Amino acid sequence: MWCCASVSNAIFGIRAMMFEHLVELLNRAGYLGIAVLMFLENLFPPIPSEIIMPSAGYSAGQGKLSLAGVIAAGTAGSVAGALFWYYVGKWIGTDRLRRWAGRHGRWLTLKPLDVDRVDRWFHRHCGKAVFFGRLVPTLRTLISVPAGVFRMNLPRFLLLTTLGTALWTALLAGAGYLLQNRYQTVAEYLNPISTIIVGGIVVVYIYRVVTFREGSAE
């Protein structure tokens, strides 16, 4: 029990230090710094949005930045990151994905025929998938790839991605703005959710790999 308490205190101390340094960085770098960090968070999360945006919201609450500017900068950077993955997905495309499924179906957990089924499903539900996907930790980044793979209309993708992202960044920044000195609480609540989602994805993936049955490559 003492060991668990020590680990918990150490994690809390590291997180508090991270918030403090991030607030100092954002106060110096301003809106451009927020946009760059949110862009990088979509590529390879060095610092998750659950920490970046509440910190930026706290800075706005201190009068160093405006809340509207913080939300706009965070949204712009995040949408730019989503566009990067959209074009990665577009480069992959359905034809290349079918070939990969034919050669490496077990590791993709897809058969070539499954690609067409997913394509049809995504075209029916892509609007909801993209909008709500941008509100879910971890899935926020992943949802841009199938949007590109299955050639979702770019203006529609941009609109729904921007709306979902703006709502997400506004909620996080608003929480930091309102909570002030307790803005670290946002990450304390969201980090376990992110961990559960990542764990769930890993478990489902392993299950699909283990139970995958080779089918026709037609």
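Look up: the structure comes first, before these words.
The shown structure was predicted, so the numbers you read here are calculated from the model rather than taken from an experiment. Within every chain, residues take consecutive numbers counted from 1 along the sequence as written. Reporting in this predicted model follows two pLDDT cut-offs: at least 70 for local features of residues, and 80 or more for side-chain atom pairs to be given and counted; totals over whole chains, interfaces and linings ignore these cut-offs and use all residues. Just so you know, side-chain values use all the structure's heavy atoms and leave hydrogens and water out.

Caption draft 1: Up close: helix 4 (residues 112-133). Here a strand is any run of E in DSSP of at least two residues, a helix any run of H or I of at least four, and the numbering for each starts at the N terminus. In this scheme, a helix's expected span is set at 1.5 Å multiplied by one less than its residue total. A rise of 1.5 Å per residue sets the reference length of helix 4, with its 22 residues, at 32 Å; its end C-alpha atoms lie only 25 Å apart and thus fall more than 12% short of the reference. One fitted axis covers the seven residues ending at a residue, a second covers the seven starting there, and the bend at that residue is the angle between these axes. At H125, helix 4 shows its maximal bend, which comes to roughly 75°.

Caption draft 2: Structural view of the pattern of salt bridges. Salt bridges are identified by distance alone: a Lys or Arg side-chain nitrogen within 4 Å of an Asp or Glu carboxyl oxygen. One pass over the full model with this rule turns up one salt bridge. Between R140 and E41 there is a salt bridge, with its nearest N and O atoms 3.4 Å apart. Of this pair, R140 sits in helix 5 (residues 139-142) while E41 is found in helix 1 (residues 2-43), placing the two residues 99 residues apart along the sequence. With respect to class, R140 is no different from E41; both count as buried. Under the scheme applied here, a residue whose accessible area is under 20% of the maximum for its type counts as buried, over 50% as exposed, and between as partly exposed, the area being computed with a 1.4 Å probe on protein chains only.

Caption draft 3: Just unusual backbone geometry, in detail. Here the phi dihedral of R151 falls at roughly 55°; this positive angle occurs in a residue that is not glycine. As for its placement among the helices and strands, R151 is situated in the loop between helix 6 (144-149) and helix 7 (154-179).

Caption draft 4: Molecular detail of the environment of L139. With respect to the secondary-structure elements, L139 resides in helix 5. Judged by its relative accessible area of 34%, L139 falls in the partly exposed class.

Caption draft 5: Fine view of the packing of aromatic side chains. Working definition: rings of Phe, Tyr and Trp (its six-membered ring) pair if their centres are within 6.5 Å, and the pair is stacked with planes under 30 degrees apart, edge-to-face with planes over 60 apart, and tilted otherwise. A complete count under the given rule lists six aromatic pairs for this structure. When the ring of Y86 is compared with that of F157, the centres are 4.6 Å apart and the planes differ by 25°; the resulting orientation is stacked. Residue Y86 is found in helix 3 (residues 67-108), and its partner F157 is found in helix 7; the two are separated by 71 residues along the sequence. A relative accessible area of 2% means that Y86 is categorised as buried. Considering the side-chain rings of F131 and F132, the 5.1 Å spacing of their centres and the 85° angle between planes classify their relative orientation as edge-to-face. On the basis of relative accessibility, which here comes to 21%, the residue F131 falls in the partly exposed class. By way of ring pairs, the aromatic residues Y86, Y87 and F157 are connected into one cluster.

Caption draft 6: Structural view of the packing of helix 4 against helix 7. Axis definition: a line fitted to C-alpha atoms, over the contacting stretch in the case of helices. Angles run 0 to 180 degrees between N-to-C directions. Closest axis-to-axis distance for the helix 4/helix 7 pair is 8 Å, and the angle between their directions is 30°. For the crossing formed where helix 4 meets helix 7, the hand is right-handed. For the pair helix 4 and helix 7, contact is made by C126, G127, V130 and F131 and by R156, F157, L160, T161, L163, G164 and L167, respectively. For the contact of helix 4 with helix 7, a count of residues per class yields seven nonpolar, three polar and one charged. Less than a right angle of anticlockwise turn of the near helix away from the far helix marks a crossing as left-handed, whereas a clockwise turn marks it as right-handed. Residue contacts are counted whenever heavy atoms from the two residues lie within 4.5 Å of one another. Residue polarity follows a fixed list, in which Ala, Val, Leu, Ile, Met, Phe, Trp, Tyr, Cys and Pro are nonpolar, Asp, Glu, Lys and Arg are charged, and the others, Gly among them, are polar.

Caption draft 7: View of the environment of I71. Mapped onto the elements of the fold, I71 is located in helix 3. For the pair I71 and A170, spaced 99 residues apart in sequence, the C-alpha to C-alpha distance is 5.6 Å. Beyond its immediate sequence surroundings of up to four residues, I71 is in contact with M53, A166, T169, A170 and A173.

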